[in-house]
Amino acid sequence: MKNSIKIIIAAAIISLSSITSCKKPQNIDSSYAYASFKTECLGTELDGSVMLRTWGKGTNKADAIEQARKNAVRDIIFNGITDGSAECNKKPLILEVNAQEKYEYYFNQFFATGGAYTKYVVANENRTSRIVAKTSGLENWSVVVDVDRAALRQRLVDDNIIKP
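Predicted, not measured: the structure shown is a model, and the values here were computed from it.

Trainee: Explain the overall build of the protein chain here, please?
Mentor: A tally of regular secondary structure across the protein chain gives five helices and five strands. From first element to last, N terminus to C terminus, the protein chain shows the α and β order α-β-β-α-β-α-α-β-β-α. The buried share of the protein chain, taken over its 164 residues, is 36%. For the protein chain, contacts bridging at least 24 residues in sequence account for 64% of all contacts bridging at least 6. For the protein chain, the accessible area works out to roughly 10,300 Å², and carbon and sulfur atoms hold 53% of it.

Trainee: Explain the state of the cysteines to me, please; I cannot follow it from the model alone.
Mentor: According to the stated counting rule, one finds one disulfide in the structure shown. Here Cys 41 engages in a disulfide with Cys 88; their sulfurs sit 2.0 Å apart. Disulfide Cys 41-Cys 88: the torsion about the S-S bond is 80°, which places it as right-handed. You can see Cys 41 sitting in strand β1 (residues 40-44) and its partner Cys 88 sitting in the loop between β3 (83-84) and α3 (99-102), a full 47 residues away along the chain.

Trainee: Please clarify how unusual backbone geometry should be interpreted in this entry.
Mentor: Residues apart from glycine generally show negative phi values, whereas peptide bonds are mostly found in trans. In the Ramachandran plot, Asn 98 falls in the positive-phi region, its phi being about 60° despite a non-glycine side chain. Phi at Asn 160 is positive, roughly 60°, even though this residue is not glycine. Position of Asn 160 among the secondary structure elements: in the segment after α5 (149-158). Residue classification places Asn 160 among the exposed residues on the basis of a relative accessible area of 63%.

Trainee: Sorry if this is basic, but what is going on with the nonpolar core here?
Mentor: Across soluble globular proteins, nonpolar side chains show a tendency to be buried alongside one another. Judged by nonpolar contacts, the single largest core of 33 residues is most densely connected at Leu 52, Ile 77, Phe 107, Phe 110 and Val 147. Within the residue set of this core, elements represented by two or more residues are β2 (49-58), α2 (61-79), α4 (104-110), β4 (121-130), β5 (139-148) and α5. When residues of this core are assigned to their parent elements, the largest contribution, seven residues, is made by α2. Those residues within four positions of Val 147 in sequence are excluded, and the remaining contacts are Gly 48, Ser 49, Val 50, Leu 52, Ala 72, Val 73, Ile 76, Tyr 120, Val 121 and Leu 152.

Trainee: In this structure, what is going on with the packing of α2 against α5? I would like to understand it.
Mentor: Geometrically, a packed helix pair is captured by the angle between its two axes and the distance between the axes. Relative orientation of the contacting elements α2 and α5 amounts to 60°, with a least axis distance of 11 Å. With respect to α5, the axis of α2 lies oblique. For the crossing formed where α2 meets α5, the hand is right-handed. Facing Val 73, Ile 76 and Ile 77 of α2, the residues of α5 in contact are Arg 149, Leu 152 and Leu 156. Counted by class, the contact of α2 with α5 contains five nonpolar, no polar and one charged residues.

Trainee: Please explain the packing of aromatic side chains as it appears in this structure.
Mentor: Working definition: an aromatic ring pair is given by the centre-to-centre distance plus the angle between the planes. Under the defined criterion, the tally for this structure stands at eight aromatic pairs. Seen in terms of ring centroids, Phe 107 and Phe 110 are 6.1 Å apart; in terms of plane orientation they differ by 85°. Their pairing is edge-to-face. Here the residue Phe 107 and the residue Phe 110 both occupy positions in helix α4, the gap between them amounting to three residues, near one helical turn. Judged on exposure class, the residue Phe 107 and its partner Phe 110 are both buried.

Parameters and conventions
- Residues numbered from 1 in each chain as written.
- Predicted model: local features only at pLDDT ≥ 70, side-chain atom pairs only at ≥ 80, totals over all residues.
- Heavy atoms only, no water.
- Helix = DSSP H or I, 4+ residues; strand = E, 2+ residues; numbered from the N terminus.
- Buried < 20%, exposed > 50% of the residue type's maximum accessible area, 1.4 Å probe, protein only.
- Contact = heavy atoms within 4.5 Å.
- Areas by Shrake-Rupley, 256 points an atom, 1.4 Å probe, with all protein chains shown as cover.
- Disulfide = S-S within 2.5 Å.
- Core = buried A, V, L, I, M, F, W, Y, C linked by side-chain atoms within 4.5 Å.
- Axes fitted to C-alpha atoms, helices over the stretch in contact; angles between N-to-C directions.
- Parallel < 35°, antiparallel > 145°, perpendicular 65-115°, else oblique.
- Left-handed = near helix turned anticlockwise from the far one by under 90°.
- Nonpolar A, V, L, I, M, F, W, Y, C, P; charged D, E, K, R; others polar.
- Phe/Tyr/Trp six-rings, centres within 6.5 Å; stacked < 30°, edge-to-face > 60°.

Structure below.
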């Protein structure tokens, strides 16, 4: 008697799981195109560079990838990388409070389109994916990038933004 009840329960669970697994995939809500995602560490290299998965929003794929590259460099400079692999140095390069505002003149030029930040970040075009729906002309893309953290730190030291 006990075995037949177990068999009936197991059959019911299998039936329910097979029915729910066959349902049509749901579309991602277009409001997620406005969501923000954290940059995460994928690993480090011995030369002082880090591999990150970062996110960018834009009106097309190219704009979103460019924004993702800026976000990766900005997170390393001001926020640090707290998500993902523990290999990454979690501390930001600049520990000073409100440094982005204090050195606004410097960072506005640094992060301008085609600015100096491009020397320190390389996007892997083969490792990009649109993770949310396109809505109202806005797309959100994830991008894997390599950021030369050591060279970026040296640049900030040379430009007297941080102390050695």
